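So you can see what is in the structure, the chains are spelled out below.
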Amino acid sequence: MRRRTLLATLIATLIVLSSYIAVIPVTQTTAHPFPELVTEDPAPTFPTSALPGSTFQIVLKEGYSASDVEAVRIEAVTLEGGQLAKHSYDLSIQSASGNTLTVAVPGDAAPGLYDLYITISGTTHMVEKSVWILKSMPQYLLVSHSSDHHAFIASKEKRVAGMILSQILGVQMAFITGDTTDQAGEKEYYDLLSVLESFIPQTPVLMVPGNHDWGTDNFQKYAGPRKWYRRIGDFLIIGYDTKEPGLAGVELASDEEMAWLESILQANSDAKVKIVLMHHPVFYYHGTIEASYDTLDASKLSYYWGAPGGDYPQYEKYARQFLKMCEDYNITLVLAGHIHRDQLVIYKSTRTGTTTYFVTTTTLAQSRARDAYNGFQVINISANGEISFPFAPPSFRMNGSYRGLMNGLSVDPTKPTYFYARYDVGSAGLGFSLTNNLEHLDLSNTIILRFPWEYGDNVIYYTHTEGGAQVEVKDYLVDGNYLYLAVSLSMPRGSFLSVAVSSQEDTSPPSVQPALTIPRTPRPGSPLTVYLDISDETGIAQLDINVTVEGEAWDYTLTRSGGYYVVEISPVPRGKAAELTVYAKDFTGKETLETFTYQFGQPETTTTTTTTTTTTPPAETTTTTTTTTTTTTTTTTTTTTTTTTTTTTTTPTETTTTTTTTTTTTTTTPTEEGVPTALLALVVVVVVIVALAALRRR
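Along each chain, numbering runs from 1 in the same order as the chain's sequence is written. At least 70 in pLDDT is required for a residue's local features to be given in this predicted model, at least 80 for side-chain atom pairs to be given and counted, and no such filter applies to totals for whole chains, interfaces and linings, which use all residues. To get the side-chain values, all heavy atoms of the structure are used, and hydrogens and water are removed first.

Draft legend 1. Local environment of unusual backbone geometry. The omega angle of the peptide bond from Asp41 to Pro42 is 0°, so this bond is cis rather than trans. Here Pro42 is to be found in the loop between β1 (39-41) and β2 (48-50). Here the amide bond leading from Ile518 into Pro519 is cis, since omega sits at -5°, within 30 degrees of zero. Tracing the sequence through the fold places Pro519 in the loop between β30 (511-518) and β31 (528-535). Secondary structure is summarised from DSSP: a helix means a run of H or I of at least four residues, a strand means a run of E of at least two, and numbering begins at the N terminus for each.

As structure tokens, then:
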């Protein structure tokens, strides 16, 4: 009897779970384009700098020997007179000892940011964006300072906007002060590095980790060292790792860390400008402070650096020790993030007469404090230590409350002034769009973009402008698995432009298909999760989704998962139908409008007699699809695409015609990865294993 009962329970469980599971898709994996680094120095976020004819060192990671290195070369594609030019140089090995190589740069090497290729025992390893060849050492540095990218979790559009605007403004270096990812996962670093690779390919990046970069060693594997220093002519730049205070055995600061920091300052005391990057800000304050390390009011320190009443009083002594170094070694600039707000402290030492700027920059892309924004800062640092903010918005201020402060460049479209970008990859190419709504800046420059490219040598591009913008693809170059674009643009305030690149002519509008609903049959009073497969040859430029119930707007959330757009519809009462309307536009201007209807059971009908009450059971759920598709061409004719359940017909006409086709079908099943489905499948497997084991014991 017990065995029969157990079997019955198992069968019932499988029946219940099957109402949720449509198809268990196969997870598709792709090769990681950013292999684990073989070098400690240089690295993609820790490039070295050198002059033509000079030498620099390469430090290999543990397990690699310099004596096994067979060849070293550098390669870059640079912009020369509006045209793209590829440069490749073999570097001669001057010495090899332990894990350290000294290599020489040819005297005729062109300035630019180079990828480094190292051949070790027959295998060639690539270290991206890691060798910066300069014509001469800089007399000033124009840098972008961004923080808290929270890659993969936070908005990719905002991160793209920050990096491409940095390039348009002509910054020489990009500084990133921590929380570069959200969970320090491998895919997050791929996402982070792909944005840096594509949208500032010729801009050196110097980066330190934040508390969200703790928990794994992926920062060191793919990005670079956690702490470092670099001397570039008169400029000394130090990356200090404040770690994740609060974790067992992890310290924000220590005697050893302070000694390391001071040893670098001592050894480079002749540097005219000294810059320190860290994640946790020293101050929770905005304005000018006149004090010394031993007289400072500790209430102005941040929570993490020992402010009274906080959880970290042990770090106050290190904050004062660091401020003493600022005074004794005349540190010019300290950059930080973490608090997702702007702050500026001008620290004037009453003991030494030195001035140090402490600039804390808001998050570039993550969630905002209620009165804050998403953005970044651009700072000009002269060789004599003068600090200025050349592109500061009218809202910039040096004193007063930091509540609601916007000292940087906004990439936040919820604000009245902002710069925004959208970028997407399609089945045969890619596209991006830029919007300049910065109230104080007209933008103009020729920039380089670099994209992974697996579509062959054929390149077709489309451009579109609004509001007085101008854009021209000056040149392109397919080099191996990369496509380089030289794009000349002019964007006055209030303008918009888009560029699409494809390996074939884009003739089709975006495809919008339902892939999966969970549960498969909508349940009255319960949320419904809808997976949408939305795709296009050049990517999706604009996506608008609305949910209505009986004409009333309904709550929903939109996320991305496993290649799908995921819409979670709030619980709908019995007998009601939810209409999900999707508008999609690609980067060539072609549009699709589709509506899917989800019925949440039939209304309950009750018939009363002297003995019984009859209730009509819920009907089977259907999905109603309404498709309106409009496409545009570059000729004088207008093309109308009519979509049915089996065929697509394209008919050129002299006037625009819109055809709407309504198709009634059951909800379709997925063809790609679906994370919730896989999780439910795992539950099924566990139930089966446990049940079989129990049967065997009996």
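Draft legend 2. Representation of the sheet that holds strand β6 (residues 92-97) in the model. A pair of strands is considered paired only if DSSP assigns at least 2 bridges between the two. Spatially, four strands are ordered β1-β3-β7-β6 in an open sheet, and the strand pairing comes out antiparallel. Every interior strand has two partners, whereas the edge strands, β1 and β6, have only one. With direction set aside, neighbouring strand axes in the sheet form an average angle of 30°. Inter-axis angles, ranging from 0 to 180 degrees, are taken between N-to-C directions of lines fitted to C-alpha atoms, where helices are fitted over the stretch in contact.

Draft legend 3. Fine view of the nonpolar core. Remark: nonpolar core denotes a set of buried residues (Ala, Val, Leu, Ile, Met, Phe, Trp, Tyr, Cys) joined through side-chain atoms within 4.5 Å. Relative accessibility decides the category of a residue: with a 1.4 Å probe and only protein chains considered, values under 20% of the type maximum give buried, values over 50% give exposed, and everything between is partly exposed. Grouped together as the largest cluster of nonpolar side chains are 57 residues, with contacts concentrated most on Phe199, Leu409, Phe419, Leu434 and Leu449. Residues Leu37, Ile120, Ile133 and Val208 belong to the second largest nonpolar core, which totals 53 residues.

Draft legend 4. Here's a closer look at the pattern of salt bridges. Note on definitions: salt bridges are taken to be side-chain nitrogens of Lys or Arg within 4 Å of carboxyl oxygens of Asp or Glu. By the definition in use, this model includes 24 salt bridges. Lys300 is the partner of Asp297 in a salt bridge, and the nearest nitrogen-oxygen pair spans 3.8 Å.

Draft legend 5. Summary view of helix α2 (residues 156-168). Helices are assigned an expected span. That span is 1.5 Å times one less than the residue count. Over its 13 residues, α2 extends 18 Å from the first C-alpha to the last, a length consistent with the 18 Å expected when each residue adds 1.5 Å. When α2 is considered as a whole, its buried residues turn out to be Glu157, Lys158, Arg159, Val160, Ala161, Gly162, Met163, Ile164, Leu165, Ser166, Gln167 and Ile168. Within 3.5 Å is the distance limit for a polar contact, defined as a pair of N or O atoms, with the added protein rule that one can donate a hydrogen and the other accept it, and that residues adjacent in sequence qualify only through two side-chain atoms. Measuring from the side-chain oxygen of the N-cap residue of α2 to the backbone nitrogen of Glu157 gives 3.3 Å; that N-cap residue is Ser155. With its phi angle positive at about 80°, Gly170 sits one or two positions after the end of α2.

Draft legend 6. Quick peek at the environment of Thr45. In this fold, Thr45 is placed in the loop between β1 and β2. When the C-alpha atoms of Thr45 and Leu193 are compared, they prove to be 8.9 Å apart, with 148 residues separating the residues in sequence. When near neighbours in sequence (up to four residues on either side) are disregarded, Thr45 contacts Leu193, Leu196, Val205, Leu206, Met207, Ala223 and Gly224. Polar side-chain contacts of Thr45 include one of 2.9 Å to the backbone oxygen of Ala223. Residue contacts are defined here by distance: any two heavy atoms, one from each residue, within 4.5 Å place the two residues in contact.

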